[in-house]
Amino acid sequence: MQEVQGFIASFRNTEAENNAYVLIGKARYLQSYQSELAQMRQLLEKIQKTIRGTEHEARGLALRNLIEQKIQDMDHAAQERDQNGRNHAMQVYLTGQWLQLGRDIQQEIRAIQDKQTVTLNQQLTSKSRSIDEMIKTISLVSAVALTLLFLAAYIIRQDIKN
């Protein structure tokens, strides 16, 4: 869950730096965008490794594909800014695909978070049952040990009387 939250923050930062570069055109925003992009990709890779082989894997792959499409659009907007100016770069933002990609990414992230919450709850329930079973077993063993102790004391008392 924490990795997903970190990824969301990194994704938003990446988008913000790209937007700043497209709107303002200063190299520092492009450098920040590239730095944030590298960090976001690392976090995405961590998420992919975490969910590999689980029921979340398909959603993770869908998310990765959407993110890659969004990155291509952000890179395209930055290139348009470099080559043709802000107005051309803004056209990339105004396409329906740009907005839809953002909504699709949010939807996939929510789905992964929801599934992770369900999985965590299932794990906690399972562990709680295991702990309950252990407590019952310990109680039973303690009762048997206490019974044996009383039996040993009774036998010793009988031996002393005889």
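Whatever comes next refers back to the structure up there.
Source: prediction; values computed, not measured.

A.B. asks: Could you give an account of the overall build of the protein chain, with specific residues and numbers?
C.D. replies: When helices and strands are tallied, the protein chain shows five helices and zero strands. Start at the N end of the protein chain and walk to the C end: the helices and strands fall as α-α-α-α-α. Counting over 162 residues, the protein chain shows a buried share of 30%. Sequence separation of 24 or more characterises 75% of the internal contacts of the protein chain that already satisfy a separation of 6 or more.

A.B. asks: Could you give me a rundown of the packing of helix H1 (residues 2-24) against helix H4 (residues 86-93), with the residues and numbers involved?
C.D. replies: One can describe the packing of H1 onto H4 by two numbers: an axis separation of 8 Å at closest approach and a directional angle of 145°. Every residue of H4 that contacts H1 at Asn 18, Asn 19, Val 22 and Leu 23 is listed here: Arg 86, Ala 89, Met 90 and Tyr 93. Its residues assigned to classes, the contact of H1 with H4 comprises five nonpolar, two polar and one charged.

A.B. asks: Go over the nonpolar core with me, naming the residues and quoting the values.
C.D. replies: Core analysis: the largest hydrophobic core is formed by 20 residues, its most contacted members being Phe 7, Met 40, Leu 63, Ile 67, Ile 71, Ile 105 and Ile 109. Contributing elements (two or more residues each) for this core: H1, helix H2 (27-51), helix H3 (57-84) and helix H5 (96-161). The biggest single contributor to this core is H2, with seven residues. Not counting residues up to four positions away in its chain, the partners in contact with Phe 7 are Met 40, Leu 43, Leu 44, Ile 47, Leu 63, Ile 67 and Ile 109. Residues Val 22, Ala 77, Val 92 and Tyr 93 belong to the second largest nonpolar core, which totals five residues.

A.B. asks: Before we move on, can you summarise H4 with the specific residues and values?
C.D. replies: If you check which residues of H4 are buried, you get Ala 89, Val 92 and Tyr 93. One side of H4 holds all its buried residues, which, seen down the axis, span an arc of 105°. Exposed residues lying more than 90 degrees from the buried face of H4 are Asn 87 and Gln 91.

A.B. asks: Can you explain the pattern of salt bridges? Please cite residues and give values.
C.D. replies: Across all of its chains, the model carries four salt bridges by this definition. Residues Glu 68 and Arg 41 are paired through a salt bridge, measuring 3.3 Å at the closest nitrogen-oxygen approach. Here the residue Glu 68 occupies a position in helix H3, and Arg 41 occupies one in helix H2, the gap between them amounting to 27 residues. For Glu 45, the salt bridge is made with Arg 52, and the minimal N-O distance between the two is 3.8 Å. Among the residues examined, Glu 45 registers a relative accessible area of 27% and is labelled partly exposed. The network of salt bridges with common partners includes Glu 45, Arg 52 and Arg 64.

The rules behind each value
Residues numbered from 1 in each chain as written. Predicted model: local features only at pLDDT ≥ 70, side-chain atom pairs only at ≥ 80, totals over all residues. Heavy atoms only, no water. Helix = DSSP H or I, 4+ residues; strand = E, 2+ residues; numbered from the N terminus. Buried < 20%, exposed > 50% of the residue type's maximum accessible area, 1.4 Å probe, protein only. Contact = heavy atoms within 4.5 Å. Axes fitted to C-alpha atoms, helices over the stretch in contact; angles between N-to-C directions. Nonpolar A, V, L, I, M, F, W, Y, C, P; charged D, E, K, R; others polar. Core = buried A, V, L, I, M, F, W, Y, C linked by side-chain atoms within 4.5 Å. Arc of directions from axis to C-beta. Salt bridge = Lys/Arg side-chain N within 4 Å of Asp/Glu carboxyl O.

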